[in-house]
Amino acid sequence: MAAVRGLTAVALRVVTPWQRSRLLAASRGPRALREVSFSSPEAGEGQIHLTDSCVQRLLEITEGSEFLRLEVEGGGCSGFQYKFSLDTVINPDDRVFEKGGARVVVDSDSLAFVKGAHVDFSQELIRSSFQVLNNPQAQQGCSCGSSFSVKL
């Protein structure tokens, strides 16, 4: 796959558990802050890449310990679909990808379906949303960009 210009790789990091989660559309409530300890595994191991527009938007909408959670679920018109939510709970099997102070967290099961992909924030007349782009694990996707089928 050709390299994408303007996108920067993000180091994979592991963090300690947090305490609370909510969907993007939910209201903001009080959040507990906890200290985070980072360790960096081998570079290149199952990475997610954050675009500059993703980082900028996350810095605008997150407060305190919040981060963007990316999950892959069964469903959608192509078999699997991406789910984005704001969260504050980091589970033991989660991997944290950080760039410029913005964090995206992916559980290990979902990571198998999105490793090597880019997370972007797109703002259009008809919608504004986080999106997964250039997913090397996806064989094809639907026209809306929120569902995909995997390579076998």
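Look up a bit, the structure's there.
Everything numeric here is computed off the predicted structure, so don't read it as measured data.

A. Looking closely at the nonpolar core. Leu70 and Val114 are the most contacted members of the largest nonpolar core, which has 26 residues in total. Ranked by the residues each element gives to this core, the list is headed by helix 1 (residues 52–61), at four residues. Setting aside its immediate chain neighbours within four residues, Val114 contacts Gln47, Ile48, Leu70, Val72, Tyr82, Val106, Asn135 and Gln137.

B. Molecular detail of the sheet that holds strand 2 (residues 49–50). Judged by pairing direction, the sheet is mixed, and its three strands sit side by side in the order 2-7-8 without closing on themselves. Two strands close off the open sheet at either side, each with one partner strand: strand 2 and strand 8 (128–133). Where strand 2 meets strand 7 (residues 118–123), two bridges bridge the pair, whose relative direction is parallel. Each bridged residue has a counterpart across the sheet, and for Leu50 the counterpart in strand 7 is Val119. The strands touched by helix 1 are strand 2, strand 7 and strand 8; relative to strand 7, the strand with the most contacts, the crossing angle is about 70°.

C. Representation of the pairing of strand 7 within the structure. A large share of strand 7 lies buried, amounting to five of its six residues. Two strands pair when backbone bridges link them, and strand 7 and strand 8 are joined in this way by six bridges, in the antiparallel orientation. From the neighbouring strand, Phe121 faces strand 8, where its bridge partner is Phe130. Between strand 7 and strand 8, which pair antiparallel one after the other, the connecting turn spans four residues.

D. Examining the environment of Phe97 more closely. Mapped onto the elements of the fold, Phe97 is located in strand 5 (residues 94–99). Judged by its relative accessible area of 0%, Phe97 is buried. In this structure the C-alpha to C-alpha distance between Phe97 and Leu50, which are 47 residues apart in sequence, comes to 8.1 Å.

E. Representation of the packing of aromatic side chains within the structure. Counted by the stated rule, this structure contains three aromatic pairs. Relative to Phe113, the ring of Phe80 lies with its centre 4.9 Å away and its plane at 35°, an arrangement referred to as tilted. Residue Phe80 is located in strand 4 (residues 80–87), and its partner Phe113 is located in helix 2 (residues 108–114); the two are separated by 33 residues in the primary sequence. Owing to a relative accessible area of 23%, Phe80 belongs among the partly exposed residues under this scheme. A relative accessible area of 25% places Phe113 in the partly exposed class. Ring pairing ties together the aromatic residues Phe84, Phe121 and Phe130, which thus form one cluster.

F. Looking closely at the pairing of strand 4. Where strand 3 (residues 67–74) and strand 4 come together, eight bridges link them in antiparallel fashion. Paired with Phe67 across the strands is Asp87, a residue of strand 4. In textbook terms, the turn of a hairpin is the stretch between consecutive antiparallel strands, and for strand 3 and strand 4 this stretch comprises five residues, one of which, Gly75, has a positive phi near 135°.

G. Examining unusual backbone geometry more closely. One non-glycine residue, Asn134, lies in the positive phi region at around 50°. Relative to the elements of secondary structure, Asn134 occurs in the loop between strand 8 and strand 9 (138–141).

What counts and what doesn't
Residues numbered from 1 in each chain as written. Predicted model: local features only at pLDDT ≥ 70, side-chain atom pairs only at ≥ 80, totals over all residues. Heavy atoms only, no water. Core = buried A, V, L, I, M, F, W, Y, C linked by side-chain atoms within 4.5 Å. Buried < 20%, exposed > 50% of the residue type's maximum accessible area, 1.4 Å probe, protein only. Helix = DSSP H or I, 4+ residues; strand = E, 2+ residues; numbered from the N terminus. Contact = heavy atoms within 4.5 Å. Pairing = 2+ DSSP bridges. Axes fitted to C-alpha atoms, helices over the stretch in contact; angles between N-to-C directions. Phe/Tyr/Trp six-rings, centres within 6.5 Å; stacked < 30°, edge-to-face > 60°.

Limitation: the analysis is restricted to geometry and does not speak to function.
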